[in-house]
Amino acid sequence: MALISLQNISLNLGTGFLLDNQTLQIEADQRICLLGKNGAGKSSLMKLISGKLPTDAGEIVRAKDLRVAMLGQDVPEKLDQSLGTILSQGFRSSWKEAAALCLDSQDYSIIQDGHIEDFQELLKALNLCQSVCRQLGISLDWQYNQLSGGQKRRILLAQALSAKPDLLLLDEPTNHLDITTITWMEDFILRHCSSLLFVTHDRSLLRRLATRIIELDRGKLVDWSCDYDTFIKRKEAVLANEEKEWERFDQKLAQEEIWIRKGIKARRTRNEGRVRALLDMREERKNRRLRQGNASLTLQESGRSGKMVLEAKDLCFSYDNKEIIRDFSTTIYRGDKIGIIGPNGAGKTTLVRLLLGQLSPQAGSIRRGTNLEIIYFDQLRAQLDDSKSVQENVLPNGEMVQRGDRTQHIYSYLQDFLFTPERAKSPVAHLSGGEKNRLLLARLFTQAANFLVLDEPTNDLDVETLELLEELLVDFQGSFLLISHDRTFLNNTITNLYGFLPDNKGLVELAGDYSDWERYLSRQNEVDETEAESLGKKAYEEHKKQNRQRKMNFKERKELEDLPKQIEALEQEQKELHHQMSLEDFYKDGDKVAAANKRLQEIETQLETSFLRWEELEALDQSLNQ
């Protein structure tokens, strides 16, 4: 069933058509990821669908009584409403006033004597809202206008998730969330949100959630109807074919231009037809919308730093009587690529500021190496002046950017970061979040460096630019510290990490990437000395004894024998479906595509359940054999 149908939609916001006579159907029970480069119009399309932006042409048909909730990229600076009123915006109209009172007072009893439609359903909605707030670290005592941008965004995310709409729209939902909260959000969406349209730069989230890919490219909506990895392969093939077609067209156009310059010598009527064809070819070439190129990220590397970049011994730092860092020691050597991981508020940025000398440790010492040239990417983008143009933010005076031994015109330099000369004259306030991040990179990369400090550089960047930034960091000969919640980005770039343990249990240093951190946390969560202390030593030994004495029954043993075959059959079916979906003819039958996507979701759920059960039975079987 179609929830929303976009019919021959056009949208032009003054910079060319973001949507040019496009049609799109959004069906129920689909999780769609909208892909496209920064500035392509993804956020504008989301606003169209939510009803917050009118079209220039075409029609949007919505299912009757359709409820849509949206988390936009833009966060209102001020809202003169109570937190309860903000959170209850997505509730049914007949519930909103009562829900706001309950959330603000944190007391449900005030509505028990009223005549509320579907009272029990309202209580479930309120419980869900409070649960979402807890997971997102939101206190119902907060005052919206006194909060940071990240806290405000989490409130708006809670508003969207709590609404349980027919269609959920999320524009970069992972921004300002830590990895633990992102993982929770993924699980929540899989359980509660069957119909979803989202924009994200987080490839881990994309791979886990998306059952359909829609790409916005040069004003056109392309429906790939596949998962992300299949999209990557098919997209490469399509772009290669397009390049060949353009090459053949341009060769033919060049031949016709030579012919027209030589003069018309054949029969007049035949020549007139050829001339008209040439004019048509010229018009087609003129109207061709070239693909927006990828950014060209290059970094000036200064001379090598000393072998020892930085040494910290027994660092301690507390804030408002909260211990952030205790007795932490580390040495950073030239070439080390270090990720900093941990929950929001754990102290990641504080650690960076201590290491850079922007804060003084309350105990311990820091020694920095020689010949350090540092670049610092600030996640708040405080180095950008919104009132000035793109060009003025990179180069306040003059027109030439000095890059090592050569100079480059500012417009040429900014085009490497995908800013056209026209866009270079625009005020920074008019840029999207991804464009601002690219601009900050452009500003910083005018400087030479051998030590990079990057605080959440991936927010809002499109996937292509992210991958280029990854390549730059991998090839970088100096050292860097990277704070990021992007799991794929961390896995692709770092070799070591500093990890803040949950519940303020300390800061540890590990060799490896994010996957190694996950394994470390998993081991920490197993039954260990911590559980022994909580149970009491005697009770802990009894607990282990009971587990050893427990026998596996016949049904469990038979289940353990059958599970590998069941998993193998499911994986084979999954493989066959992916093969079918990689064939172009497969997508001619919409019902067939929908059925295949639904079955893939079922297989994914069954595999997850089967693997968990297999691990449980294997653990029991091993304990009996010890």
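See the structure shown above.
As the structure is a prediction and not an experimental result, all values here were calculated from the model.

*Asks:* Talk me through the pattern of salt bridges; I want residue IDs and the actual numbers.
*Replies:* Within this structure, the stated rule accounts for 22 salt bridges. Between E186 and R487 there is a salt bridge, and its shortest N-O distance comes to 2.7 Å. Here E186 is found in helix α6 (residues 179–192), whereas its partner R487 is found in helix α16 (residues 487–493), with 301 residues between them in sequence. When sorted by exposure, E186 lands in the same class as R487, which is buried. Of the charged contacts, one joins D202 and R487 as a salt bridge, the two residues approaching to 3.5 Å between their closest N and O atoms. Of this pair, D202 sits in the loop between β7 (196–199) and α7 (203–209) while R487 is found in helix α16, placing the two residues 285 residues apart along the sequence. A relative accessible area of 0% means that D202 is categorised as buried. Among the residues examined, R487 registers a relative accessible area of 9% and is labelled buried. Residues joined by salt bridges that share partners form a network here, namely E186, D187, D202, R208 and R487.

*Asks:* Summarise the side chain of Q30; cite the residues concerned and give the values.
*Replies:* The topology assignment puts Q30 in the loop between β2 (17–27) and β3 (31–35). Within the local environment of Q30, its side chain forms a polar contact with the backbone nitrogen of E27, the two atoms lying 3.5 Å apart. Residues in contact with Q30, not counting those within four places in the same chain, are S194, S195, L196, T211 and R212.

*Asks:* So what's going on with the sheet that holds strand β22 (residues 507–511)? Which residues, and what values?
*Replies:* Across the sheet, 6 strands lie side by side as β15-β19-β20-β13-β21-β22; this open sheet has mixed pairing. Of all strands in the sheet, those bounded by a partner on one side alone are β15 (374–377) and β22. Direction aside, the axes of adjacent strands within the sheet are offset by 15° on average.

*Asks:* A description of a negative patch on the surface should follow, citing residues and the corresponding values.
*Replies:* On the surface, a cluster of negative charge is made up of E301, E467, E471 and D475. Top contributing element to the negative patch by residue count: helix α15 (residues 463–475), with 3 residues. With respect to the secondary-structure elements, E467 resides in helix α15. Judged by relative accessible area, which is 33%, E467 ranks as partly exposed.

*Asks:* Hey, could you go over the nonpolar core for me, with residue numbers and the actual values?
*Replies:* The biggest cluster of nonpolar side chains holds 57 residues, and the ones touching the most others in it are L87, L126, I155, L161, L170 and I213. The contacts of L170, once residues within four sequence positions are left out, are M46, L71, L157, A160, I189, L196, L197, F198 and V199. Membership of the second largest hydrophobic core comes to 46 residues, among which are L440, L454, L482 and F489.

*Asks:* Report on the sheet that holds strand β11 (residues 308–319), specifying residues and quantitative values.
*Replies:* The strand order across the open sheet formed by 3 strands is β12-β11-β14, and the pairing between neighbours is antiparallel. Of all strands in the sheet, those with a lone pairing partner are β12 (322–333) and β14 (363–368), marking the two edges. If you compare each strand with its neighbour and ignore which way they point, the axes differ by 15° on average.

*Asks:* Summarise helix α4 (residues 119–135); cite the residues concerned and give the values.
*Replies:* Under the 1.5 Å per step criterion, the end-to-end length of α4 is 25 Å for 17 residues, consistent within 8% with the ideal 24 Å. Along α4, the residues that are buried comprise L122, L123, A125, L126, L128, C129, Q130, V132 and C133. Next to the buried residues of α4 lie α2 (83–87), α3 (96–105), α5 (149–162) and α6. Backbone geometry just downstream of α4 places G137 in the positive-phi region, at approximately 70°.

Procedures and definitions
Residues numbered from 1 in each chain as written. Predicted model: local features only at pLDDT ≥ 70, side-chain atom pairs only at ≥ 80, totals over all residues. Heavy atoms only, no water. Salt bridge = Lys/Arg side-chain N within 4 Å of Asp/Glu carboxyl O. Helix = DSSP H or I, 4+ residues; strand = E, 2+ residues; numbered from the N terminus. Buried < 20%, exposed > 50% of the residue type's maximum accessible area, 1.4 Å probe, protein only. Polar contact = N/O pair within 3.5 Å; in protein donor to acceptor, adjacent residues only side chain to side chain. Contact = heavy atoms within 4.5 Å. Pairing = 2+ DSSP bridges. Axes fitted to C-alpha atoms, helices over the stretch in contact; angles between N-to-C directions. Patch = residues over 30% accessible without salt bridge, like charges linked within 9 Å, V, L, I, M, F, W, Y side chains within 5 Å. Areas by Shrake-Rupley, 256 points an atom, 1.4 Å probe, with all protein chains shown as cover. Lys, Arg positive; Asp, Glu negative; His and termini not counted. Charge placed at Lys NZ, Arg CZ, Asp CG, Glu CD. Core = buried A, V, L, I, M, F, W, Y, C linked by side-chain atoms within 4.5 Å. Expected span 1.5 Å × (residues − 1).

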